[in-house]
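Notes for the structure review
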Amino acid sequence: MSDTDDRVAVETGVFAAARQFLALERDVLVLSLAMFAFSLGYQGTNQYMAAYLYALGAGPVVVGLFGSLGNLISAVYPYPGGVVSDRIGSRRALTLFGLLSAVGFGLWAVAGAIPPLVTPALALGPVAVPSLTMPVLLFVGLFLVQCWKSFGLGATFAVVRQASAPGELAAGFAAPETLRRLAFLLGPLLVAAALSVFEFERGFRVVLAGAAAFALVGTLVQHLLYDASADSLGDSFAGVGTVLADLRSLPSELPPLLAADTLVRFANGMVYVFFVVYVEAALAGPVAIPVVGSLSPAAFFGVLLAVEMAVAVVSMLPASRLADRAGLKSAVGLGFLVYALFPALLVFAPTDGLAVAGTRIPPAGLFVLLFAFSGLRFAGLPAHKALIAGPTERDAAGRTTGSYYLVRNTLTIPSALVGGLLYARSPTVAFGAATAVGLVGVLIFARYGERFSSPA
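A short tour of the structure in this document, coming up. (Residues numbered from 1 in each chain as written. Predicted model: local features only at pLDDT ≥ 70, side-chain atom pairs only at ≥ 80, totals over all residues. Heavy atoms only, no water.)

This part takes up the overall build of the protein chain. Scanning the protein chain for helices and strands turns up 21 helices and six strands. The long-range fraction of contacts in the protein chain, counting pairs at least 24 apart against all pairs at least 6 apart in sequence, stands at 86%. Summed over its atoms, the accessible surface of the protein chain is roughly 17800 Å², and 68% of this surface lies on carbon and sulfur atoms. (Helix = DSSP H or I, 4+ residues; strand = E, 2+ residues; numbered from the N terminus. Contact = heavy atoms within 4.5 Å. Areas by Shrake-Rupley, 256 points an atom, 1.4 Å probe, with all protein chains shown as cover.)

For the rest of this paragraph, the subject is the packing of aromatic side chains. Following the criterion strictly, the structure yields twelve aromatic pairs and no others. Aromatic side chains Tyr278 and Phe431 sit 5.4 Å apart centroid to centroid with 45° between the ring planes, which places their arrangement in the tilted category. Linking Tyr278 in helix α14 (residues 275-283) with Phe431 in helix α21 (residues 427-448), this pair joins segments that are 153 residues apart in sequence. Overall, Phe431 belongs to the buried group, its relative accessible area being 0%. Ring geometry for Phe301 against Phe371: centres 6.0 Å apart, planes inclined by 90°, an arrangement best described as edge-to-face. Here Phe301, found in helix α15 (residues 297-326), pairs with Phe371, found in helix α17 (residues 363-374); they are 70 residues apart in sequence, far enough to count as distant. (Phe/Tyr/Trp six-rings, centres within 6.5 Å; stacked < 30°, edge-to-face > 60°. Buried < 20%, exposed > 50% of the residue type's maximum accessible area, 1.4 Å probe, protein only.)

A few words on helix α11 (residues 200-225). Structural remark: α-helix, 3.6 residues per turn; residues separated by three or four positions point the same way. Taking 1.5 Å of rise per residue, 26 residues should cover 38 Å, and α11 covers 37 Å from first to last C-alpha, within 8% of that figure. All of the buried residues in α11 are Phe200, Gly203, Phe204, Val207, Leu208, Ala211, Ala212, Ala215, Gly218, Thr219 and Gln222. (Expected span 1.5 Å × (residues − 1).)

Right, let's talk about the nonpolar core for a bit. Core analysis: the biggest nonpolar cluster contains 76 residues, and Tyr48, Trp108, Phe301, Leu346, Phe367 and Phe431 have the highest contact counts within it. Among the elements that make up this core, the one with the highest residue count is helix α7 (residues 90-111) (eight residues). In this view, Phe367 contacts Tyr278, Val279, Ala282, Leu283, Leu304 and Leu346; residues no more than four positions away in its chain are not counted. Among the nonpolar cores identified, the runner-up in size contains 29 residues, and Leu185, Val264, Leu328 and Tyr404 belong to it. (Core = buried A, V, L, I, M, F, W, Y, C linked by side-chain atoms within 4.5 Å.)

In helix packing, the relevant descriptors are the interaxial angle and the interaxial distance, both defined with respect to the helix axes. At their nearest, the axes of α14 and α17 sit 10 Å apart, and the two run at 155° to each other. Considering their axes alone, α14 and α17 lie roughly antiparallel with respect to each other. Crossing handedness for the pair α14 and α17: right-handed. Judged by residue contacts, Tyr278, Val279, Ala282 and Leu283 of α14 engage Pro363, Ala364, Phe367 and Phe371 from α17. Of the residues contributing to the contact of α14 with α17, the split by class is eight nonpolar, no polar and no charged. (Axes fitted to C-alpha atoms, helices over the stretch in contact; angles between N-to-C directions. Parallel < 35°, antiparallel > 145°, perpendicular 65-115°, else oblique. Left-handed = near helix turned anticlockwise from the far one by under 90°. Nonpolar A, V, L, I, M, F, W, Y, C, P; charged D, E, K, R; others polar.)

On to empty space enclosed by the protein, then. According to the stated counting rule, one finds four cavities of 30 Å³ or more in the structure shown. Estimated volume of the second largest cavity: approximately 70 Å³. For the second largest cavity, the full set of lining residues is Arg265, Val332, Gly335, Phe336, Tyr339, Arg377, Phe378, Gly380, Leu381 and His384. Elements with a minimum of two residues in the lining of the second largest cavity: α16 (329-348) and α18 (381-389). By residue number, the principal contributor to the lining of the second largest cavity is α16, which donates four residues. In terms of residue class, the lining of the second largest cavity is made up of five nonpolar, three polar and two charged. (1 Å grid on protein atoms, 1.4 Å probe; cavity = no way out; pocket = protein on both sides within 12 Å on 5 of 7 lines; lining within 4 Å. Points joined across faces, edges and corners; volume = space filled by probe spheres on them.)

What follows concerns the pattern of salt bridges. Evaluated as defined, the whole model comprises four salt bridges. The partner of Arg408 in a salt bridge is Asp261, with the nearest N and O atoms 3.1 Å apart. Residue Arg408 is found in helix α19 (residues 397-411), and its partner Asp261 is found in helix α13 (residues 254-271); the two are separated by 147 residues along the sequence. Owing to a relative accessible area of 0%, Asp261 belongs among the buried residues under this scheme. With a shortest N-O distance of 3.1 Å, Glu308 and Arg377 are connected by a salt bridge. (Salt bridge = Lys/Arg side-chain N within 4 Å of Asp/Glu carboxyl O.)

Pasting the structure below:
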């Protein structure tokens, strides 16, 4: 290992990411830029959807149903997306999926201004059906917005798998993931800025229109700059039998990871959509930010997401370098553990602040610390993706990735609905149950996961 490599391994943050990007294969660099554009829009909208639904009159069960529908889409899309990518090539697939996502964001932007289809709002037991939450455009948009993220998943794995040097697969995933998380840092700050200027519903529609614009820019970047000459095309889709065959042929290294990953993601899915709602309720009133001034709880939530992503950006690249050298299991296990612990830490944090060494930390300060801790879960994400892509054959990376996510995402479909039903009883019950489920996944991975090394 050269001195230069050693210096790169200990660098952190955006400067380390920039150094890594300069050495990227062109296709991975283009993919990273496209991921930045799409993630900027997606992160600015996805974690605020529960607050948007609440503002329109929905309750926790409807929010859970919306989240589970998103889970269903995530489960159904990756496998055909991987097949399409292997069949027509990554460039065409990513361009198609990008355009569909841009249209989806656009539909969401206009859906909030469409007159209600149900007036007045209905209440069916614990299920509140708000008048403005159910326009067709909102749900059609949900199906389209997910296209680049879910359909394009297999294509993105295939691009990185083909372009990464031997022994540096985790680092290969770290570069696009770091830039993606940088977008996840900036996106919530842009949302916070919009919500500090406009009231919530109008401000959120402005954010959605911006997300559509970013998606179009990302689509143009990848279509014009991506070099398709290295694409390896597979056979045409042969039906359900192909799906079953791909599932049976998953590399033997993947089942322990898949089992643990499914439980951890189910736990996260139970409460993920409710983070913004819980933070808003816990803070109750405006939050004073030095220099910036007073922010509404919704705008402050954007600051919390930015803090979370700042930690992710700083930690991801050095963690991936260490994982490539020392083995991938520890980095993945750390990420799983943070996923599992965060819901309980959040819900049990004292809402009146905490006294530490004679100094009282206000509730807003506690939330900043907790979301900074949550950012550490992303440190293991490149190693996690390396564990999935490493054992696969180069020309089948799209299908193998699609098969893995088909299983995981199918099993986690009901997580948001389960969380919504529990949240309707009590946030403590929902968040505590999520941590319990997540810890089971951590124990399974610790017991049965192998100490993999980055494939050489």
